[in-house]
Amino acid sequence: MTECSETLFPFEAHFSRRVVAQFAGDWLTTEGGSLLLRQADRKIGLLRRVAGCFSDYRQPERIEHRLEEMLAQRIYGLALGYEDLNDHEQLRQDPLLGVLAGKKDLGEPLAGKSTLNRLELTPVGSPAAERYNKINYSAAALDELLVDLFLEAHPRAPREIVLDLDATDTPLHGRQEARFFHGYYGHYCYLPLYVFCGDHLLCARLRPSNIDASAGSLEEVQRMVRQIRARWPKTSIILRADSGFCREELLAWCENNDVDYVFGFARNKRLRKIIGRAMQEAKQEHRRTGKPARVFCEFAYRTKKSWSRTRRVIAKRNRSKARKIPATWLLRSTKKPGPRRAFMSSFTAREAKWKSHQGATEPICGPHEHGDAARQSVATVLLLTGLCACRGFAAVGLAGTEWAEAQADTIRLKLLKIAAQVRITARRIWVRYSCAYPWQKIFAAAWMALRC
């Protein structure tokens, strides 16, 4: 070969030796740590249970890629950071991804982007006689699976759980179906609904942005509470959300079904008048001490038209030298803690929790361009499952380590994206990592936690 060959790449010399790079030799992969992800899946059975929510109407003798292989290929790819289907035109040749997907003959490629695209474009309720989209799925079964994974993550029923509801924007940059301009976010977007409990994702519903933030939340809460109480009948459930979810139908349902709630409450003239005394106290306290002052007050309140009953409202008023901080409101159904404790333990904690989730939800706010925006698409389901695979791995394999609470991006970058050499023999598949890998101890600890 000459120096102009496309397979040889000379670089600057290192002392007396030349540096020449070449695409040749054994199979190499950048996903060496993904074997841990596969081992964690065998422990929690995520992919097997996801596959059980799908129905494959293809003729087995005429197909090349099994449903289980396709789902594993796509979900592991998403967990490893490959969101686009185009990535699989190269990934389908990766031998280690073939191992993860359960491919018997590693010399044969996995499914290509067109095959995976037909899987993701299948609408809910697609008939078996459909020519191209013959793989159907049950949205109800997948919704139930997310809650089941949350329930199974706890060895015993907790005394109390808090369900966090929130909506955020998924910006759109093309002419996707059901796209609308949202005045608050200032751009065209979707408005997906999320429900978290701690670090567990219980629901993600793709919705258009021309609706109220709370639209559809009552149905989702009813479904989840029913499923949780079937397993944990004595567990206290608290619903927590911002003022966009403070709606009569949701409040009334919680009160009639023994569910406590902590909702933000929008300000108005009547509320400002009620807390006039607290505002004056905060002002006097700030003048007396010269330090920021914070005053809490509690009172019963009922709207003129929209509410069916009187409810408890807690207000917080801050006053500092730099600026006046307007009163923040909290609506709470239980009277157990005092106003200060109720506010600080509930509303402030919710804000911190949602900020921590915003980074974690970035992978599932990706390409929502397939299917009807009013319902959950197959692409969204697979994105969710890819995130749950990382979360499940962290919960099982990294418990007790410094990365037990790490975000999915951190786990992916430091533990899954490991360069490795793959050598296939008659008896074994050898995967060799670099001896300079800096997190060998955490890798070994995760392997020990997952091996039995």
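Here the structure is a predicted model, which means the values were calculated and not measured.

**Student:** Would you mind going over the overall build of the protein chain with me for this structure?
**Tutor:** Across its full length, the protein chain carries 15 helices and 18 strands. For the protein chain, long-range pairs separated by at least 24 residues make up 62% of all intrachain contacts whose partners lie at least 6 apart in sequence. Total accessible area on the protein chain is roughly 24200 Å²; 50% of this is exposed by carbon and sulfur atoms.

**Student:** What exactly am I supposed to notice about the environment of L193 here?
**Tutor:** Along the chain, L193 falls in strand β10 (residues 193-197). Exposure remark for L193: the relative accessible area of 1% places this residue in the buried category. Once the C-alpha coordinates of L193 and D169 are considered, the two residues, 24 residues apart in sequence, prove to be 9.3 Å apart. Contact partners of L193, with chain neighbours within four places excluded, come to D166, C203, A204, R205, R207, S217, E220 and F245.

**Student:** Looking at this model, I keep getting lost on the pattern of salt bridges. Mind explaining?
**Tutor:** Oppositely charged side chains are able to pair whenever their charged atoms sit close together. Under the counting rule described, the total for this entry stands at 17 salt bridges. When the shortest N-O distance is used, the salt bridge between R58 and D56 registers 2.9 Å. For D56, a relative accessible area of 29% gives the class partly exposed. Between E69 and K103 there is a salt bridge, with its nearest N and O atoms 3.7 Å apart. Of the two residues, E69 is situated in helix α3 (residues 67-79) and K103 in the loop between α5 (95-101) and α6 (113-120); the sequence distance between them amounts to 34 residues. Taken as a pair, E69 and K103 share a single burial class, namely buried. Overlapping salt bridges, with partners in common, bring together R66, E68, E69 and K103 in one network.

**Student:** What should I look at first to understand the nonpolar core in this one?
**Tutor:** Soluble globular proteins tend to bury their nonpolar side chains together. In this structure, F54, F393, L398 and L415 are the most contacted members of the largest nonpolar core, which totals 46 residues. At seven residues, the largest contribution of residues to this core is made by α3. Apart from residues no more than four positions distant in its own chain, L415 is found in contact with G33, L36, F393, L398, W403, T410, Y437, I442 and F443. Counting 45 residues, the second largest nonpolar core, distinct from the first, contains I161, V195, I228 and A241.

**Student:** Sorry if this is basic, but what is going on with the confidence of the model for the protein chain here?
**Tutor:** Caution is warranted with low-pLDDT regions, since their predicted coordinates should not be read in detail. Residues with a pLDDT of 70 or more make up 79% of the protein chain, whose mean pLDDT is 79. Throughout residues 1-5 the model reports pLDDT below 50, and contacts reaching past four residues in sequence, or to other chains, amount to seven contacts. Every residue in residues 350-376 is under pLDDT 50, and counting partners more than four places away or in other chains gives 69 contacts.

**Student:** I would appreciate a short explanation of the packing of helix α1 (residues 34-44) against helix α15 (residues 440-450) in the present structure.
**Tutor:** Packed helices, taken two at a time, are described by the angle their axes make and the gap between the axes. Between α1 and α15, the least distance of the axes is 10 Å, while the angle of their chain directions is 25°. By the angle class used here, α1 and α15 are roughly parallel. Here α1 runs over α15; the crossing is left-handed. Along the contact surface, α1 presents L36, Q39, A40 and K43, while α15 presents F443, A446, W447, A449 and L450. When its residues are assigned to classes, the contact of α1 with α15 shows seven nonpolar, one polar and one charged.

**Student:** Quick question: what am I supposed to make of a nonpolar patch on the surface here?
**Tutor:** Taken together, the side chains of F9, F11 and V19 present a nonpolar region at the surface, about 270 Å² in accessible area. Relative to the assigned elements, F9 resides in strand β1 (residues 8-14). Given the relative accessible area of 33%, F9 is considered partly exposed.

**Student:** Honestly, the sheet that holds strand β8 (residues 180-182) in this entry has me stumped. Any pointers?
**Tutor:** The strands that make up a sheet are held in pairs by hydrogen bonds between backbone atoms, and each pair lies either parallel or antiparallel. Spatially, β7-β9-β8 is the arrangement adopted by the three strands of the open sheet, whose pairing is antiparallel. In this open sheet, the two strands that pair with only one neighbour each are β7 (170-171) and β8. Bridge count between β8 and strand β9 (residues 187-190): three bridges; the pairing is antiparallel. Across the sheet, the residue bridging to F180 is C189, located in β9.

**Student:** Where do I start with helix α8 (residues 217-231) in this structure?
**Tutor:** Within an α-helix, residues lying three or four positions from one another point in the same direction, as the helix has 3.6 residues per turn. Look at α8: 22 Å from first C-alpha to last across 15 residues, which is about the 21 Å you get at 1.5 Å a residue. Three or more residues of α8 are buried, namely S217, L218, E220, V221, R223, M224, V225, Q227 and I228. Considering only its buried residues, α8 is in contact with α7 (139-152), β6 (160-167), β10, β11 (200-205), β12 (236-241) and α9 (248-256).

**Student:** I keep staring at the side chain of T29 and nothing clicks. Help me out?
**Tutor:** In this fold, T29 is placed in strand β3 (residues 27-29). In this structure T29 comes out as buried when scored by relative accessible area, which is 4%. At 3.1 Å, the side chain of T29 forms a polar contact with the backbone nitrogen of E31. Once you skip the residues sitting within four places of it in the chain, T29 turns out to touch D94, L96, I418, A419, A420 and V422.

**Student:** Quick question: what am I supposed to make of α6 here?
**Tutor:** Within α6, the full set of buried residues consists of T115, L116, L119 and E120. Buried residues of α6, seen end-on, are gathered within an arc of 135° and therefore sit on one face of the element.

**Student:** Help me out: how do you make sense of the pairing of strand β17 (residues 420-424) in this one?
**Tutor:** Pairing of β3 with β17 involves three bridges; the strand directions are antiparallel. Bridge pairing links T29 to A420 in β17. Where β17 folds back onto strand β18 (residues 429-433) in an antiparallel hairpin, the turn is made up of four residues.

**Student:** What exactly am I supposed to notice about the sheet that holds β3 here?
**Tutor:** Here we have three strands laid out as an open sheet, ordered β3-β17-β18, and antiparallel in their pairing. Since the sheet does not close on itself, it has two edges, and those belong to β3 and β18, each with one partner. The average angle at which neighbouring strand axes cross in this sheet is 30°, direction not considered.

**Student:** Is there a simple way to explain the environment of R58 in this structure?
**Tutor:** Secondary-structure assignment places R58 in the loop between β4 (54-56) and α3. Remark: the alpha-carbon pair of R58 and I135, spanning 77 residues in sequence, is separated by 7.4 Å. Sequence-distant contacts of R58, defined by excluding residues within four places in its chain, comprise I63, H65, R66, L67, M70, K134 and I135. Reaching out from R58, the side chain makes a polar contact with the side chain of D56 at a distance of 2.9 Å. From its side chain, R58 meets the backbone oxygen of H65 in a polar contact 3.0 Å long.

Rules used throughout
Residues numbered from 1 in each chain as written. Predicted model: local features only at pLDDT ≥ 70, side-chain atom pairs only at ≥ 80, totals over all residues. Heavy atoms only, no water. Helix = DSSP H or I, 4+ residues; strand = E, 2+ residues; numbered from the N terminus. Contact = heavy atoms within 4.5 Å. Areas by Shrake-Rupley, 256 points an atom, 1.4 Å probe, with all protein chains shown as cover. Buried < 20%, exposed > 50% of the residue type's maximum accessible area, 1.4 Å probe, protein only. Salt bridge = Lys/Arg side-chain N within 4 Å of Asp/Glu carboxyl O. Core = buried A, V, L, I, M, F, W, Y, C linked by side-chain atoms within 4.5 Å. pLDDT = per-residue confidence, 0-100. Axes fitted to C-alpha atoms, helices over the stretch in contact; angles between N-to-C directions. Parallel < 35°, antiparallel > 145°, perpendicular 65-115°, else oblique. Left-handed = near helix turned anticlockwise from the far one by under 90°. Nonpolar A, V, L, I, M, F, W, Y, C, P; charged D, E, K, R; others polar. Patch = residues over 30% accessible without salt bridge, like charges linked within 9 Å, V, L, I, M, F, W, Y side chains within 5 Å. Pairing = 2+ DSSP bridges. Expected span 1.5 Å × (residues − 1). Polar contact = N/O pair within 3.5 Å; in protein donor to acceptor, adjacent residues only side chain to side chain. Arc of directions from axis to C-beta.

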